[in-house]
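The residues making up each chain are set out below.
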Amino acid sequence: MTTMTSETTTLRNLDPTRLRELLEPRSVVIVGANSRPTWSHFTYSNLMSGGFDGEVFLVNRRGEDCHGQKSYSSMADLPETPDLAIVLTGTNSLGTILEEAKQKGIRNLILLAAGLGEAGPEGEALQATLVQQARDADQLILVPTTWASSTRIPRLQHSAT
């Protein structure tokens, strides 16, 4: 799992409250939601079937309702600030999404995106930019490289497959 944090050292230096917001969120927004059988569908379905009892918001840039639930066209339109954003978009939009999350006050994100540090020099450069952006915004970001097999977030009971 690639970890990009606002801390300059390690996760051990984070306040436990901060980690709790990431690992045991009370509310979640899925950014890049859609109704097609994609990561969005798997993520939403597993949150619901896994017993997550917090608020789940959906952001779909077109404002289309997804999974039988109201969607918002941007994080700015959400009625409250979620503890966690799960981002299901391409790497080309990640910088903008981090900025939108910052403006909304969202400090914890999981990015389900390929094409960062594992993708060679271009991906490494993008990752370095995102790390700096996260540090500047005091955001904690996880980028799982094997989401389906290894990510266990206790309150979310989440596996994408």
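An account of the accompanying structure is given in this report. (Residues numbered from 1 in each chain as written. Predicted model: local features only at pLDDT ≥ 70, side-chain atom pairs only at ≥ 80, totals over all residues. Heavy atoms only, no water.)

**Quick notes on helix α3 (residues 94-104)**
For the record, the criterion: We call a residue buried when its accessible area falls under 20% of the maximum for its residue type, exposed when it is over 50%, and partly exposed in between, using a 1.4 Å probe and counting protein chains only. Put simply, DSSP H or I for four residues or longer makes a helix, DSSP E for two residues or longer makes a strand, and each gets a number counted from the N terminus. To obtain the arc, one takes the directions from the helix axis to the C-beta atoms. Any two residues having at least one pair of non-hydrogen atoms within 4.5 Å are treated as being in contact.
For α3, the full list of buried residues reads L94, I97, L98, A101 and K104. Projected onto a plane normal to the axis of α3, the buried residues spread over an arc of 125° and lie on a single side. Where the residues of α3 are buried, they touch β2 (27-31), β4 (84-87), β5 (108-111), α4 (121-137) and β6 (140-143). G105 sits one or two positions beyond α3 and adopts a positive phi of about 90°.

**Structural notes on the pattern of salt bridges**
Opposite charge on two side chains permits pairing when their charged atoms draw close. Rules: One speaks of a salt bridge when a side-chain nitrogen belonging to Lys or Arg is within 4 Å of a carboxyl oxygen belonging to Asp or Glu.
Taken as a whole and judged by the stated rule, the model has seven salt bridges. With its nearest N and O atoms 3.3 Å apart, the salt bridge here joins D138 to R18. With D138 in the loop between α4 and β6 and R18 in helix α1 (residues 16-23), the pair connects residues that are 120 residues apart, well separated along the chain. Accessibility expressed as a relative area gives 31% for D138, which makes it partly exposed. Here R62 ties to E64 by a salt bridge, and the two come within 4.0 Å at their closest N and O atoms. Judged by its relative accessible area of 40%, E64 is partly exposed.

**Focus: α4**
Spelled out, the test is: Take the number of residues in a helix, subtract one, and multiply by 1.5 Å to get its expected span.
For α4, with 17 residues, the first-to-last C-alpha span of 24 Å sits near the 24 Å given by 1.5 Å per residue. Turning to α4, its buried residues number three or more, namely G123, Q127, L130, V131, A134 and A137. An end-on view of α4 places all buried positions within 130° of arc, on one side of the element. Residues of α4 that are exposed and point over 90 degrees away from its buried face: P121, E122 and D136.

**So, the packing of aromatic side chains**
Where we set the bar: Geometry of aromatic contacts follows a simple scheme: Phe, Tyr and Trp rings, the Trp one being its six-membered ring, pair when their centres are within 6.5 Å, and the pair is stacked under 30 degrees between planes, edge-to-face over 60, tilted otherwise.
Summed over all chains, the structure comprises one aromatic pair. Centroid distance F57 to Y72: 6.4 Å. Interplanar angle 65°. Geometry classified as edge-to-face. Of this pair, F57 sits in strand β3 (residues 55-59) while Y72 sits in the loop between β3 and β4, and the two are 15 residues apart along the sequence. Among the residues examined, F57 registers a relative accessible area of 4% and is labelled buried.

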